[in-house]
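# Architecture and fold: a report
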Amino acid sequence: MTGALDVTPQELGLLITVKTAEQEGVETVGAHLAMVCAARVVQVDPIAGSHNRKAVVETGRYGRRTVVCGAPNCRAGIVTAYIPAGCVLDGRTIEKAVIAGVESDGMLASGAELGLNRDAAGILELDVEECKPDSIIEIDNKSLTHRPDLWGHHGMAREVAAILERPLRDPVDLSVLPQGPGSIAVSIADFDLCPRYSALTLENVTVAPSPLWLQYRLTSVGLNPINNIVDVTNYVMAEIGQPMHAFDAATLAGETIHVRRAAAGEKMQGLDEQHYTLDEQALVIADANGPVAIAGVIGGLSTGVTQTTQRIVLESANFQAASIRKTSSRLKLRTDASMRFEKSLDPRNTRRGLARALVLLEQVSPGIRVVGGVSEATRELSAPAPIELRLDWLRRKLGCDVAGEKVRGILHALEFQVEETAPEVFRVTPPSWRATKDISIKDDLAEEVGRMMGYSSIEPRAPLAPVVPPPVNPERAFLQKVREVCTGQGFTEVYNYSFVNPQQAGELALAAEDHVRVLNPISSDQGLLRTSLLPGIVKNIRDNSRHLENFRLFEIGFEIHKQAEGLPTEALHLAAAVYSKAGDGVAGLMEAKRLAECLLYGAGVRQTEARPYEHTVRAYAVLYRDEVVGRVSELHPKLVSAGRAAVLYLDLERVREVSIVEGTGSAAGRGSAGGVGASIAAATGASAGTSTAAWVGEKYKPLPRYPSSSFDLSVIAGERVTVAEVEQRMTSLAGEFLQGIEFVRQYVGAPLAEGQKSLSFRVTVCSMDRTLSAEEIASVRARIIGGLEQAGFELRI
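For every chain, the first residue of its written sequence is number 1, and the numbers climb from 1 along that sequence. Reporting of local features is limited, given that this is a predicted model, to residues whose pLDDT is at least 70; pairs of side-chain atoms are given and counted only at 80 or more, and all residues count toward the totals for whole chains, interfaces and linings. To obtain the side-chain values, all non-hydrogen atoms of the structure were included, while hydrogens and water were left out.

Turning to the overall build of the protein chain, a few remarks are in order. When its secondary structure is counted, the protein chain shows 19 helices and 41 strands. Its C-alpha atoms give the protein chain principal-axis dimensions of roughly 120 × 85 × 60 Å. With a 1.4 Å probe rolled over the protein chains alone, any residue whose accessible area is under 20% of its type maximum counts as buried; one over 50% counts as exposed, and the rest are partly exposed. With 797 residues in all, the protein chain has 47% of them scored as buried. With an accessible surface of roughly 39600 Å², the protein chain has 50% of that area assigned to carbon and sulfur atoms. The positive count covers Lys and Arg only, the negative count covers Asp and Glu only, and His and the chain ends enter neither. By convention, the point assigned to a charge is CZ for Arg, NZ for Lys, CD for Glu and CG for Asp. Within the protein chain, one finds 83 positive and 97 negative side-chain charges whose respective centroids are separated by 2 Å. Each helix corresponds to a stretch of at least 4 residues labelled H or I by DSSP, and each strand to a stretch of at least 2 residues labelled E; elements are numbered beginning at the N terminus. Methods summary: accessible areas were calculated by the Shrake-Rupley approach with a probe of 1.4 Å, and residue burial reflects only the protein chains presented.

Structure (structure tokens):
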């Protein structure tokens with residue numbers, strides 16, 4: 001873009017957000033530079049008894065000043081940076097001070113102190129008269145994943161030029177590239193993995209620190225200045241989005257650069273000094289002796305540029321996005337280059353990178369010379385496919401009337417080629433840097449026009465569409481009811497990753513070999529797909545118990561089970577936990593059981609053998625309609641360091657299978673018992689005459705017309721006998737007049753023997769056609785007592 005902008009950085013950032021990509025903020029860099037000025041050191045004198053020296057400087061703006069400086073390169077005649085007293089630097093105010101008996105009025109600064117580079121070894125030696133503050137617009141890179149052209153500043157400048165309707169200056173001049181054959185051959189084994197590889201050989205290279213302007217620009221975008229040669233390759237990557245690499249030509253074996261897959265087990269030491277073992281999926285750049293770079297990821301240490309380098313081979317290549325992404329992930333090495341290559345860069349950009357680098361190298365390494373022409377191997381690069389754009393369709397799509405010339409102007413500004421093939425019909429060809437995986441259909445063009453017009457300029461209108469109730473999804477309704485019941489009982493829903501590590505699985509005695517192993521885990525502790533929700537729940541309990549005395553939580557998710565053949569299977573489960581730091585855990589266990597009863601009307605439990613992660617005597621199977629559908633248990637104390645935790649674990653797939661009952665009759669008019677089945681019944685739309693009626697409750701019974709009678713029984717049982725076990729036995733003994741059995745209370749203590757408890761029940765009997773006589777009520781009572789005594793129970797009568 002040519003000329004100064006007539007908008008502030010903040011205004012420009014807002015325009016970029018609404019028309020291109022989300023900006024995260026505008027950072028003012030070097031605000032203190034407004035007070036900093038260039039100063040010539042005119043005199044330097046030693047200070048007795050101090051390593052510092054007294055320097056007299058001529059600042060121009062502030063006149064002649066005396067400062068105390070300890071930098072080894074402080075000498076008469078150099079031009080450096082002077083910071084006056086009163087300037088704020090990194091949150092501290094520079095003040096006049098007396099050092100070693102000499103008053104210092106301000107200070108001379110290093111590049112690190114000014115934020116221009118990372119050099120703190122001495123004061124700056126300037127070749128410029130002044131430095132000024134700058135502004136950096138920070139862009140959220142997650143909004144650029146589909147725009148490889150915006151991973152370079154020139155691409156963003158193109159957007160700004162289109163937004164502000166200003167001309168764009170191209171920093172690349174392809175005419176500077178030499179003609180003729182290259183001095184080194186290039187061989188590509190698979191053009192699908194490397195569509196184009198361009199290289200240029202240069203000699204008479206001088207390796208030195210980069211000039212200040214280059215160091216500052218790299219530092220401001222988060223790149224470390226290294227030396228003038230490497231800094232140019234990084235500058236080109238940041239400017240036009242083309243990653244580059246420089247090899248020390250003297251260290252390359254042979255006369256050919258090979259682009260090939262690595263051999264299994266092949267090794268290479270990267271520029272980061274780490275050793276990498278490669279597989280056959282990795283793409284490498286190799287010489288006659290082996291790999292000298294992992295393509296698109298990192299260069300090799302042995303062929304890198306050093307202070308003694310005099311001849312370089314400059315690489316500018318294009319690689320398949322998926323290949324680079326997979327290699328980077330396998331090696332757990334994500335670099336600035338790999339992040340760009342995995343976005344599908346334009347193969348035509350390789351020569352542009354060489355041309356731009358050549359111009360910059362001639363500036364920072366005077367006397368550098370090109371040897372031969374461009375060395376290159378490439379497949380035929382097809383032109384981007386044109387797209388037909390009908391303006392009547394575009395107007396309907398955008399919901400506003402936009403003139404054809406306006407559309408043409410917007411697309412031309414973004415460097416699309418536009419040809420009107422018929423009235424109100426455009427033939428649009430996207431530029432090569434937008435055609436890799438970005439622009440391919442007319443809807444993409446509609447987005448380009450709409451964003452550049454500004455979506456705020458389009459009048460919002462409600463869509464004219466028929467309002468049709470969506471079909472009910474029975475599974476979603478079922479899960480929604482489960483969530484409603486759980487949250488209604490005070491439980492908070494959690495979401496955990498579907499990944500676990502061998503240690504988590506081993507804690508619960510879940511064999512690692514039974515898990516599906518993730519080939520490319522997002523982290524080292526997430527390498528297995530879970531076969532149970534419990535590892536995540538246990539972690540939740542541990543994390544929350546550090547901050548809370550009591551809590552309840554639940555998760556609905558899939559267990560993933562490996563199969564001998566074919567894909568893994570998924571099974572939907574519910575895991576709910578009740579934690580308390582105080583108490584003996586009985587209350588929590590009862591609350592977990594009560595949640596099962598709220599979810600499944602009529603559910604019961606029976607004691608079962610404990611699993612390794614469960615309390616040895618507090619493990620129960622959950623029964624529903626005589627089927628085992630889950631477990632309720634207390635976690636083993638070894639899993640919970642402080643407090644007690646009870647867990648309800650239900651197989652929701654099995655619950656649904658058991659709940660779907662063949663029958664007739666309408667869901668309406670049935671009993672009002674709650675539970676998840678009510679949701680299923682409503683979702684399936686069961687009605688009279690249908691054979692699908694999902695219900696988890698009792699059938700409707702009319703209210704009794706005759707009075708009922710009740711009596712209490714207290715049963716002495718062992719401490720491990722469950723209430724449900726006694727209640728079920730009493731129910732089977734009561735007979736046809738039984739209306740209900742209510743558990744009243746449990747008592748433990750004297751005069752009962754140790755290991756015994758007293759369970760009190762209230763039994764209600766009634767007849768639908770008459771009032772029961774005292775003899776009939778006594779008969780029911782006697783039958784229950786007799787049956788319990790025969791079963792070995794003692795009654796307190």
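In an α-helix, one full turn covers 3.6 residues, which means residues spaced three or four apart are oriented alike. Here the expected length of a helix is defined as 1.5 Å per residue gap, with one fewer gap than residues. With 12 residues, helix α14 (residues 534–545) extends 16 Å from end C-alpha to end C-alpha; this agrees with the ideal 16 Å at 1.5 Å per step. Along α14, the residues that are buried comprise Leu 534, Pro 535, Gly 536, Ile 537, Val 538, Asn 540, Ile 541 and Ser 545.

With that settled, consider unusual backbone geometry. Residues Ala 750 and Pro 751 are joined by a peptide bond in cis, for which omega reads 10°. As for its position among the elements, Pro 751 is in the loop between β39 (738–747) and β40 (756–765). For Glu 424, which is not glycine, the phi dihedral falls at a positive 65°. Along the chain, the position of Glu 424 falls in the loop between β24 (417–422) and β25 (425–429). With a relative accessible area of 36%, Glu 424 lands in the partly exposed category.

Side-chain atoms within 4.5 Å are what join buried Ala, Val, Leu, Ile, Met, Phe, Trp, Tyr and Cys residues into a set we call a nonpolar core. Counting 37 residues, the largest nonpolar core has Tyr 197, Phe 247, Val 259, Leu 278, Ile 285, Ile 294 and Phe 319 as the members making the most contacts within it. Counting residues per element, the ones that place at least two in this core are β12 (185–188), β13 (196–203), β15 (256–261), β18 (283–287), β19 (290–294), β21 (311–318), α6 (321–331) and α7 (336–341). The dominant element in this core, judged by the number of residues it contributes, is β18, at 4 residues. Residues count as neighbours in contact if any of their non-hydrogen atoms are within 4.5 Å of one another. Apart from the residues within four sequence positions on either side, Phe 319 is in contact with Leu 193, Cys 194, Pro 195, Val 259, Leu 283, Ile 285, Ala 295, Gly 296, Ile 324 and Phe 341. With 35 residues, the next largest nonpolar core counts Leu 12, Ile 163, Met 339 and Leu 394 among its residues.

The rule for a salt bridge is simple: a side-chain nitrogen of Lys or Arg has to be within 4 Å of a carboxyl oxygen of Asp or Glu. Scanning the entire structure with this criterion turns up 47 salt bridges. Glu 419 is the salt-bridge partner of Arg 427, the closest N and O atoms lying 3.8 Å from each other. Residue classification places Arg 427 among the partly exposed residues on the basis of a relative accessible area of 41%. Its salt-bridge partner being Glu 448, residue Arg 434 comes within 2.8 Å of it at the nearest N-O pair.

Here the focus is the pairing of strand β34 (residues 627–635). In terms of burial, β34 is largely enclosed, as 7 of its 9 residues are buried. When DSSP locates at least two bridges between a pair of strands, those strands are taken to pair. In this sheet, β34 lies alongside strand β33 (residues 614–624) in antiparallel orientation, the contact comprising 7 bridges. Counterpart to Val 622 in the pairing with β34 is Gly 630. Here β33 hands over to β34 after 2 residues, with Arg 625 in that stretch at a positive phi of 55°. The pairing of β34 with strand β35 (residues 644–651) spans 5 bridges and is antiparallel. Counted as the bridge partner of Glu 634 is Ala 646 from β35.

Here we come to empty space enclosed by the protein. A cavity here means a set of 1 Å grid points, computed over protein atoms only, where a 1.4 Å probe fits but cannot escape. A pocket is an open set with protein on both sides within 12 Å along at least 5 of 7 lines, and lining residues have an atom within 4 Å of a point. Grid points are joined across faces, edges and corners, and a volume is the space filled by probe spheres set on the points. Applying the stated criterion to the full structure yields 3 cavities of 30 Å³ or more. Estimates place the volume of the largest cavity at around 40 Å³. Around the largest cavity, the lining residues are Leu 534, Tyr 613, Glu 614, Arg 631, Ser 633, Val 647 and Tyr 649. Among the elements of the structure, β34 and β35 are those that each provide at least two residues to the lining of the largest cavity. Of the residues assigned to the lining of the largest cavity, the class counts are 4 nonpolar, 1 polar and 2 charged. In this classification, Asp, Glu, Lys and Arg are treated as charged, Ala, Val, Leu, Ile, Met, Phe, Trp, Tyr, Cys and Pro as nonpolar, and every other residue, Gly included, as polar.

With that settled, the discussion passes to the environment of Ser 659. As for its placement among the helices and strands, Ser 659 is situated in helix α16 (residues 652–659). Relative accessible area serves as the criterion here: at 0%, Ser 659 is assigned to the buried category.

These figures come from the coordinates and say nothing about function on their own.
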